[in-house]
Structure formats: structure tokens, C-alpha cells
Amino acid sequence: MQLIGMLDSPYVRRVAISLQLLGLPFRHRSLSVFSTFDEFRRLSPVVKAPSLVCDDGAVLLDSTLILEYAEALARPRRLKPMDPAALRQDLVVTGLALAACEKSVQIIYEHRVRPPEKLHQPWIDRVTDQMLTALDLLDAEVARRPLPVTNATLTQAAVTTGVVWHFIHAMLPQALSADRFQALRAFSAQAEALPEFMAAPHGDGTCRAGER
């Protein structure tokens, strides 16, 4: 399998870390949807990061769908709890993390892609409030029910939360006050020290694990 996309995308990074935890071999190709658009399109015509090119040439899009397929391949290994109540909690946390992530990406694209004269401040204010609300709720969940922080016990909620917090902290530090989100800060510090996170660092590099 080939994972296409750059690790500066939280969606690509959550897949790269999850594939390692699931024990699935893959090749990571660090291609940009901007600077290497044409090369990306030859592998994945829609040019969506992440894309997973399967061994038979089928292309899967969207990180959540890719991870659903990965869990099917990795059985009995899994990152989602089997118990319904535990699964529901894991999905609550994952949903909050992905909501914060989506809004943070919208803010970044507003400033980096849209011409300055076309910026619409009321929209930026709205999505910023949505991002911070999601982070407040996520921080409260993590404080109330601490996430597992070993590579043997990580759930998808833990992976996604760690990746998303690191991304927002790196890309939008001006939106985060120093004394806010203490549970997320503490969890992120532990998660980023794990081998699977370190092998797929945020940035333009290539995942250093996965190939067998």
C-alpha cells in the first residue's frame, strides 16, 4: 500500500501513525496537493490528502474511511474499542478532535489561499469560535477520562487527539492562550514521545516506519 500526502496534514499523519500501530506495512509518499499537484494526480486523480493506493490499484480517500479499511485488514488488532459504551466514548472524543481540526484547516486556508482583500472576518471569527469550543469540550473529556498513552493501548481517539492538538498548536499558536487546554497539552507531550508519533513527525518529511 502507498499512503499519499504530506505529514503537515493532520489527516495524513493520523493515518500514518494508525497504520504503524495496526502493524500494516505501507510506503509513504510525501506529495503536496499544491507544489506537486500533477504528480499527486497521477496516483490519485482527485488529489485529496490522504489517499491510500491499495496493492491492486484501488484508491481510498478520506482518513476515516482509510482507517476503517485498515482495521479490517489488521484484524484482530484494532484501535477502536469493542464494548459499545467504550466505543461511543471513543467516537465522542474522535468527533470533537476532527471538528476542531476541520475548523483549524478552514482558518489556515482563509489566510494562506484566499487573497487578503477577499478575507471575510465574520466567517473567520465564526470558525475560530467553533474550533475553540471543540477544543474546550475535548480538553474537558480528556481531563475527565484520561486517554491511554502507550502504543499497546492507544485508541483511535487518542491518536487523533494527539495529532490534532499538535497540528493546531503548531499552526495557530496565536489562537491558544498559554493557560488553556492543560489536559490536551499534557497528553500531547506524552503522545509525541511515542515511537509511532516520532516516526511520522509533523512537517514535510517522510514517515520513517511502515515499510517491511
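Scroll up to find the structure this text is about.
Worth saying up front: this structure is predicted, and the values here are computed from it rather than measured.

Conventions used here
- Residues numbered from 1 in each chain as written.
- Predicted model: local features only at pLDDT ≥ 70, side-chain atom pairs only at ≥ 80, totals over all residues.
- Heavy atoms only, no water.
- Helix = DSSP H or I, 4+ residues; strand = E, 2+ residues; numbered from the N terminus.
- Rg over C-alpha atoms; globule rule 2.2 N^0.38 Å.
- Core = buried A, V, L, I, M, F, W, Y, C linked by side-chain atoms within 4.5 Å.
- Buried < 20%, exposed > 50% of the residue type's maximum accessible area, 1.4 Å probe, protein only.
- Expected span 1.5 Å × (residues − 1).
- Polar contact = N/O pair within 3.5 Å; in protein donor to acceptor, adjacent residues only side chain to side chain.
- Pairing = 2+ DSSP bridges.
- Axes fitted to C-alpha atoms, helices over the stretch in contact; angles between N-to-C directions.
- Contact = heavy atoms within 4.5 Å.
- Parallel < 35°, antiparallel > 145°, perpendicular 65-115°, else oblique.
- Left-handed = near helix turned anticlockwise from the far one by under 90°.
- Nonpolar A, V, L, I, M, F, W, Y, C, P; charged D, E, K, R; others polar.

Enquirer: Tell me about the overall build of the chain, residues and numbers included.
Expert: Within the chain one finds eight helices and four strands. Ordering the α and β elements of the chain from the N terminus gives β-α-β-α-β-β-α-α-α-α-α-α. Whereas a compact globule of 212 residues would reach a radius of gyration of roughly 17 Å, the chain reaches 17 Å, a difference of no more than 12%. Principal-axis analysis of the C-alpha atoms places the extent of the chain at approximately 45 × 40 × 30 Å.

Enquirer: Please give an account of the nonpolar core that cites residues and values.
Expert: Leu135, Leu138 and Ile168 are the most contacted members of the largest nonpolar core, which totals 54 residues. For this core, the elements supplying multiple residues, two or more each, are helix 1 (10–21), helix 3 (63–74), helix 4 (84–112), helix 5 (121–144), helix 6 (156–171) and helix 7 (182–191). Ile4, Phe40, Val47 and Val53 belong to the second largest nonpolar core, which has five residues in total.

Enquirer: A description of helix 4 should follow, citing residues and the corresponding values.
Expert: Over its 29 residues, helix 4 runs 41 Å from end to end, which matches the ideal 42 Å to within 8%, given 1.5 Å per residue. The N-capping residue of helix 4, defined by a side-chain oxygen 3.2 Å from the backbone nitrogen of Ala85, is Asp83.

Enquirer: Describe helix 1, with residues and values.
Expert: An α-helical turn contains 3.6 residues, so a residue and the one three or four places further along point in the same direction. Helix length check: helix 1, at twelve residues, gives a terminal C-alpha distance of 16 Å against a target of 16 Å (1.5 Å per residue), a fit within 8%. Counting buried residues in helix 1 gives eleven out of twelve residues, a clear majority hidden from the surface. Gly23 lies just past helix 1 and shows a positive phi near 75 degrees.

Enquirer: Outline the sheet that holds strand 1 (residues 2–4), supporting the account with residue identities and numerical values.
Expert: Strand order across the open sheet formed by four strands is 2-1-3-4, with mixed pairing between neighbours. The two strands at the open ends of the sheet, each matched to only one other strand, are strand 2 (27–29) and strand 4 (59–61). Pairs of neighbouring strands in the sheet enclose a mean axial angle of 20 degrees, with direction left out of account. Two elements, strand 1 and strand 3 (residues 51–53), share three bridges in a ladder whose sense is antiparallel.

Enquirer: Residues and numbers for the side chain of Ser104, please.
Expert: Considering the arrangement of structural elements, one finds Ser104 in helix 4. Judged by relative accessible area, which is 0%, Ser104 ranks as buried. A distance of 2.7 Å separates a polar atom in the side chain of Ser104 from the backbone oxygen of Cys101. Discounting residues that sit within four places of it in the chain, Ser104 has contacts with Met131, Phe167, Ile168 and Leu172.

Enquirer: Give me the lowdown on unusual backbone geometry, citing residues and values where you can.
Expert: With an omega dihedral of 0 degrees, the bond running from Ala49 to Pro50 counts as a cis peptide bond. Mapped onto the fold, Pro50 is located in the loop between helix 2 (37–43) and strand 3. Each neighbour pair has its own omega, and for Arg75 with Pro76 the value is 10 degrees, a cis peptide bond. In this structure, Pro76 sits in the loop between helix 3 and helix 4. In this model, Asp62 sits at a positive phi of 85 degrees, which is unusual for a non-glycine residue. Relative to the elements of secondary structure, Asp62 occurs in the loop between strand 4 and helix 3. On the basis of relative accessibility, which here comes to 30%, the residue Asp62 falls in the partly exposed class. Located in the positive-phi region is Phe181, a residue other than glycine, with phi close to 65 degrees. The class for Phe181 is buried, based on a relative accessible area of 3%.

Enquirer: How would you explain the packing of helix 5 against helix 6 if you had to name every residue and give the values?
Expert: The packing of two helices is summarised by the inter-axis angle and the distance between the axes. Contact pair helix 5 / helix 6: the axes reach a minimum separation of 12 Å and the direction vectors enclose 135 degrees. Taken together, helix 5 and helix 6 sit at an angle that is classed as oblique. Crossing hand, helix 5 versus helix 6: left-handed. Residue-level inspection shows Met131, Leu135, Leu138 and Val142 of helix 5 in contact with helix 6, the latter providing Thr161, Trp165 and Ile168. Grouping the constituent residues of the contact of helix 5 with helix 6 by class yields six nonpolar, one polar and no charged.

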